[in-house]
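Fold and contact review
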Amino acid sequence: MASNLIFQCPDSMTDAITHYCPGCTHGIIHRLVAETLDELGLRERTVGVAPVGCSVLAYNYFNCDFLEAAHGRAPAFATGLKRARPDLIVFTYQGDGDLASIGTAEIIHAANRGEKFTTIFVNNAIYGMTGGQMAPTTLPGQVTTTSPFGRDVQTCGYPIRVRELLSALRTPAYIARVAVHTPRHVIEAKKAVRKAFQYQVQGRCFSLVEVLSTCPTNWGMTPIESTQWVQDNMVPYFPLGELKVPEEE
Amino acid sequence: MQIEVKFAGFGGQGILSAGKFLAEAGLHEGKEVVWIPSYGPEMRGGTAYCTVVVSDHAIGSPVINNPAHLIAMNRPSLEKFAPTVKPKGIIIVNCSLIPITSNRTDVTEVLVPCNQVAIELGNPKGANMVALGAYAACSKVVALDVLEAIVRHEFEKKPAFIDENIAALRRGAEIAVEKVESLR
Amino acid sequence: MRAGAIHYFAYPITPQTEVAEYLARRMPEVGGVFLQAESEVAASNMIFGAASAGVRVFTTSSSPGISLMSEAMSYIAAAELPAVFVNIVRNGPGLGGILPSQGDYFQATRGGGHGDYRLLVLAPSSVQETVEHVMLAFDLADKYRNPVMVLGDGLIGQMMEPVDFSSVPTPHPPDKSSWATTGCKSRKPYLIKTLFLDPQQSEEHNRKLAAKYDEMRKHEVRFEKYNIDNDCKVVIVAFGTAARVCKTAVDELKRNGLRVGLFRPISLFPFPYEPLHEISETGTVHALLVVEMNTGQMIDDVRLAVADRKPIAFYGRQGGMVPSPEEVLGEIHQLI
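To keep things clear, this report deals only with the structure shown in the data block. A quick note: this is a predicted structure, and the numbers were derived from the prediction, not measured.

Thoughts on the overall build of chain C
- For chain C, the helix and strand inventory stands at 11 helices and 13 strands.
- For 336 residues, the compact-globule estimate of 2.2 N^0.38 gives 20 Å, and the C-alpha radius of gyration of chain C, at 21 Å, lies within 12% of that figure.
- Each principal axis of the C-alpha atoms in chain C carries an extent, and together these give about 70 × 45 × 40 Å.
- In chain C, which comprises 336 residues, the share counted as buried stands at 58%.
- In chain C, the share of contacts with a sequence separation of at least 24, taken over all contacts with a separation of at least 6, comes to 79%.
- Here chain C displays about 13000 Å² of accessible surface, and carbon together with sulfur accounts for 51% of that area.
- Distance between charge centres in chain C, computed from 32 positive and 38 negative side chains, equals 5 Å.

Written out as structure tokens, the structure reads:
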């Protein structure tokens with residue numbers, strides 16, 4: 001009996017079993033990036049830059065050259081790498097603490113210089129690795145270990161909308177927000193990730209895809225509840241879609 | 001043999017570039033040279049200066065508290081630095097802007113109306129070159145024709161400035177020679 | 001650039017911004033990279049990234065900027081990448097001022113950033129030597145895959161002196177294909193990282209680095225002896241600009257028939273403990289004088305070298321003040 005191959009691990013991923021918690025969507029996002037690298041034939045000239053945070057070990061799961069940056073500095077790191085070797089495909093993979101808190105300056109300036117690399121920004125509204133503290137993207141009223149009475153916007157301000165913040169820059173870029181909590185959203189997310197890398201391959205612009213992700217462990221929910229929480233709470237505050245695309249040349 | 005000279009005046013009087021020309025001329029003559037811009041606590045108080053050391057041997061301390069020679073382009077510079085000049089030294093005083101003298105009897109003091117000469121030559125910004133020419137003639141630290149070659153080189157891309165600056169150098173030197181002879 | 005280093009990332013800070021201004025014009029002419037970063041934090045992490053790609057990369061800064069770069073230096077040392085940092089030291093602490101100082105001796109030789117790492121530190125005392133040290137720094141950085149610091153000061157950064165480039169050898173950067181992350185075509189993927197959660201692995205990594213620092217201690221000690229002979233009565237120990245000032249004082253003493261020599265450490269890490277120890281053991285030497293442009297930092301290393309067997313005096317100026325030869329002479333006369 002002949003068998004048909006209908007599903008396999010992308011070449012750009014290793015066989016390692018991830019350390020991510022059940023219900024965390026980092027794995028899905030990794031896979032979208034890896035599929036894209038496969039489809040565009042980029043694996044052998046790609047260098048990924050890992051952040052500090054849950055995805056610091058991303059290099060164990062991607063089957064390409066990888067670097068581990070200092071906390072928040074991945075965009076500066078990627079700038080040095082890409083400027084030194086413009087022929088490489090470079091992407092940073094960063095969480096909300098890494099990109100929107102300690103590394104705010106680095107991402108804004110890399111985007112504003114129009115660095116020709118791609119950033120995958122994973123926003124799950126909380127600090128995962130350190131155990132559930134408030135993030136710059138924690139929603140108003142959301143309880144975390146460092147906002148035990150819920151995020152108070154009077155003292156902590158409102159969550160930072162990174163997609164909107166970076167889209168305010170004049171420098172051409174591709175900036176989109178997607179989610180991966182339903183199959184339909186995953187398909188949309190893949191399109192955005194692919195576009196982001198294509199823009200890089202063409203040497204067009206900086207590209208960033210913000211991906212709304214889950215953290216059932218630190219949110220104190222089951223995986224199913226957490227996907228519903230993304231839909232009910234995150235999507236209304238963090239609207240999905242492309243906000244900035246480079247003008248046609 | 002080591003000579004230290006301090007060029008001092010207001011910012012904008014071409015102090016740093018005059019010093020640089022001297023250093024380059026010394027280098028051209030095969031000497032060891034150091035040029036240091038005003039970069040010290042002394043920069044407060046209205047004076048900008050640079051120090052040039054020209055020597056036959058390797059230069060040790062680049063920090064000079066007591067220079068052999070002084071070119072004072074404004075009054076605060078003369079008041080501040082004249083007392084530091086070594087005995088038997090040389091002081092060039094830009095008497096266009098400085099109505100006083102150092103009151104030192106142990107140095108050769110040469111009064112040169114640098115701004116007035118520069119204006120007469122139609123090159124009002126050339127007062128620093130008048131002073132430099134005067135200084136070179138008095139001190140003989142570097143030869144005048146080497147300085148002229150440096151000026152040609154430095155203004156290679158702005159040839160319009162070459163002749164007027166060389167004229168300023170020469171006029172300064174002539175005045176200095178006359179003055180030194182009259183002192184004898 | 002003569003060292004084959006055409007990648008430069010920096011942030012302006014006095015008294016060395018002229019380097020960035022020059023390279024901003026020059027790098028594009030040679031197909032290199034000049035980038036003014038948004039901060040020293042970013043600049044140094046750009047260095048980290050470019051070093052990963054195997055290119056010769058460097059930055060120049062001054063004390064407060066170097067503090068911000070210390071984060072990346074720790075990472076670069078841990079990741080075993082070559083990079084060159086030039087620190088034109090200004091007076092501190094804090095914002096301090098823009099005048100020459102040697103106040104960053106501890107920061108340079110004892111780390112500055114977190115963790116158990118060392119920088120190779122070279123301290124030039126002239127513009128010529130600065131050029132030679134920068135060339136050497138790239139070779140040493142490649143040889144040991146470790147960040148190297150050239151530690152100058154504001155005076156060296158600001159003064160002009162003739163430089164003979166013909167004496168500077170042509171560099172031969174080594175092949176870096178065994179580790180540089182340049183895409184995994186026809187090979188296994190490379191990983192450059194500094195996280196070792198397993199304590200055993202982390203200890204192993206620390207020991208590997210320590211063994212490398214021991215190699216540096218064996219092979220990279222550099223120093224200059226000036227007017228040191230068998231009947232020296234006092235030995236001055238000074239580095240960089242302070243050493244230069246002391247040379248003038250030593251010359252003056254020699255003219256007056258006084259036997260005083262100068263020992264000038266050129267590599268501050270590794271510090272020349274043994275050569276200095278030997279000199280201090282010479283029978284005629286009855287005291288040492290350490291001269292620094294700080295409140296006494298290198299004197300700790302001099303004490304380690306001399307091991308309390310001879311008295312050590314200290315003369316220092318701070319806040320951007322540079323000691324004069326006359327001041328050093330005064331100190332020497334008190335000791336003789």
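Picking up where we left off.
Re the side chain of Thr-46 of chain A
- Secondary-structure assignment places Thr-46 of chain A in strand S1 (residues 46-50).
- Since its relative accessible area comes to 0%, Thr-46 of chain A is described here as buried.
- In this structure the side chain of Thr-46 of chain A is engaged in a polar contact, spanning 2.7 Å, whose partner is the backbone oxygen of Leu-42 of chain A.
- In this view, Thr-46 of chain A contacts Leu-37, Cys-64, Asp-65, Ile-89 and Phe-91 of chain A together with Gly-183 of chain C; residues no more than four positions away in its chain are not counted.

With respect to the sheet that holds strand S13 (residues 312-316) of chain C
Residues and elements named next belong to chain C.
- Overall, mixed pairing links the five strands, which are arranged S8-S10-S9-S12-S13 in an open sheet. If you trace the sheet from one side to the other, it starts and ends with strand S8 (223-226) and S13, each paired once. Strand-to-strand twist of the sheet, defined as the mean angle between neighbouring strand axes without regard to direction, takes the value 20 degrees.
- Of the strand pairs in this sheet, strand S9 (residues 234-237) and strand S12 (residues 287-292) are connected by four bridges, and their pairing is parallel. Along S12, the bridge assignment pairs Val-235 with Leu-288.
- Across the sheet, helix H9 (residues 273-281) is in contact with S8, S9, strand S10 (260-265) and S12; its angle to S10 comes to roughly 165 degrees.

Quick look at the environment of Gly-9 of chain B
- Mapped onto the fold, Gly-9 of chain B is located in strand S1 (residues 2-9).
- Measuring from C-alpha to C-alpha, the distance between Gly-9 of chain B and Cys-138 of chain B comes to 19 Å, with 129 residues separating the pair along the chain.

Quick look at the side chain of Gln-107 of chain C
Residues and elements named next belong to chain C.
- With respect to the helices and strands, the residue Gln-107 is situated in helix H4 (residues 105-109).
- Since its relative accessible area comes to 19%, Gln-107 is described here as buried.
- Of the polar contacts made by the side chain of Gln-107, one reaches the side chain of Ser-67; its length is 3.2 Å.
- If sequence neighbours within four positions are ignored, Gln-107 has contacts with Ile-66, Ser-67, Ser-70, Asn-87 and Gly-112.

Regarding helix H4 (residues 104-113) of chain A
All names here are of chain A.
- What H4 keeps buried is the set Glu-106, Ile-107, Ala-110 and Ala-111. Angularly, the buried residues of H4 cover 120 degrees about the axis, an arc narrow enough to put them on a single face.
- Gly-114, located one to two residues past H4, shows a positive phi value of around 70 degrees.

Section: the pairing of strand S2 (residues 33-36) of chain C
All names here are of chain C.
- Of the two faces of S2, the one lined by Val-33 and Leu-35 is fully buried and the one lined by Phe-34 and Gln-36 carries no buried residue.
- Bridge count between strand S1 (residues 7-10) and S2: four bridges; the pairing is parallel. When the sheet's bridge partners are listed, Tyr-8 is paired in S2 with Phe-34.
- At this point the chain moves from S1, through helix H1 (residues 17-26), to the parallel S2, and the crossover so formed is right-handed.

Brief notes about the interface of chain C and chain B
- Each partner contributes residues to the interface: chain C has 19 residues there, and chain B has 16 residues.
- Across the interface of chain C and chain B, roughly 1600 Å² is buried in total on both sides, 72% from carbon and sulfur atoms.
- Summed over the three residues of chain C that lose the most area to chain B, namely Met-160, Pro-162 and Arg-244 of chain C, the buried surface amounts to 35% of that side.
- Our enumeration of links across chain C and chain B arrives at zero salt bridges.
- Of all the secondary structure elements, the ones that give two or more residues to the side of chain C that touches chain B are helix H6 (154-158), helix H8 (240-255) and helix H11 (325-335) of chain C.
- Partitioned by chemical class, the residues of the side of chain C that touches chain B number 12 nonpolar, four polar and three charged.

Brief notes about the interface of chain C and chain A
- Each side of the interface is counted separately: chain C has 35 residues, and chain A has 32 residues.
- Both faces considered, chain C and chain A share a buried interface measuring about 2600 Å² in area, 62% of it formed by carbon and sulfur atoms.
- At the junction of chain C and chain A, the tally comes to four salt bridges.
- Residues Glu-44 of chain A and Lys-185 of chain C are paired through a salt bridge, measuring 3.9 Å at the closest nitrogen-oxygen approach.

Some words on empty space enclosed by the protein
Residue and element names in this part refer to chain C.
- As enumerated under the stated definition, the model contains four cavities of 30 Å³ or more in all.
- Lining of the largest cavity is provided by Val-89, Ser-101, Gln-102, Pro-124, Leu-151, Gly-152, Asp-153, Ile-156, Phe-239, Gly-240 and Thr-241.
- Listing elements by their share of the lining of the largest cavity, those giving two or more residues are strand S6 (147-153) and H8.
- Considering every element that reaches the lining of the largest cavity, the biggest residue donor is S6, with three residues.
- Along the lines of polarity and charge, the residues of the lining of the largest cavity split into five nonpolar, five polar and one charged.
- When residues of the lining of the largest cavity are assigned to domains, at least three map to each of domain 1 (7-219) and domain 2 (224-335).

How each quantity is defined
- Residues numbered from 1 in each chain as written.
- Chains lettered and ligands numbered in written order.
- Predicted model: local features only at pLDDT ≥ 70, side-chain atom pairs only at ≥ 80, totals over all residues.
- Heavy atoms only, no water.
- Helix = DSSP H or I, 4+ residues; strand = E, 2+ residues; numbered from the N terminus.
- Rg over C-alpha atoms; globule rule 2.2 N^0.38 Å.
- Buried < 20%, exposed > 50% of the residue type's maximum accessible area, 1.4 Å probe, protein only.
- Contact = heavy atoms within 4.5 Å.
- Areas by Shrake-Rupley, 256 points an atom, 1.4 Å probe, with all protein chains shown as cover.
- Lys, Arg positive; Asp, Glu negative; His and termini not counted.
- Charge placed at Lys NZ, Arg CZ, Asp CG, Glu CD.
- Polar contact = N/O pair within 3.5 Å; in protein donor to acceptor, adjacent residues only side chain to side chain.
- Pairing = 2+ DSSP bridges.
- Axes fitted to C-alpha atoms, helices over the stretch in contact; angles between N-to-C directions.
- Arc of directions from axis to C-beta.
- Right-handed = clockwise from strand over helix to strand, strands pointing away.
- Buried area = accessible area lost by both parts, 1.4 Å probe.
- Salt bridge = Lys/Arg side-chain N within 4 Å of Asp/Glu carboxyl O.
- Nonpolar A, V, L, I, M, F, W, Y, C, P; charged D, E, K, R; others polar.
- 1 Å grid on protein atoms, 1.4 Å probe; cavity = no way out; pocket = protein on both sides within 12 Å on 5 of 7 lines; lining within 4 Å.
- Points joined across faces, edges and corners; volume = space filled by probe spheres on them.
- Domains from an automatic or database assignment.

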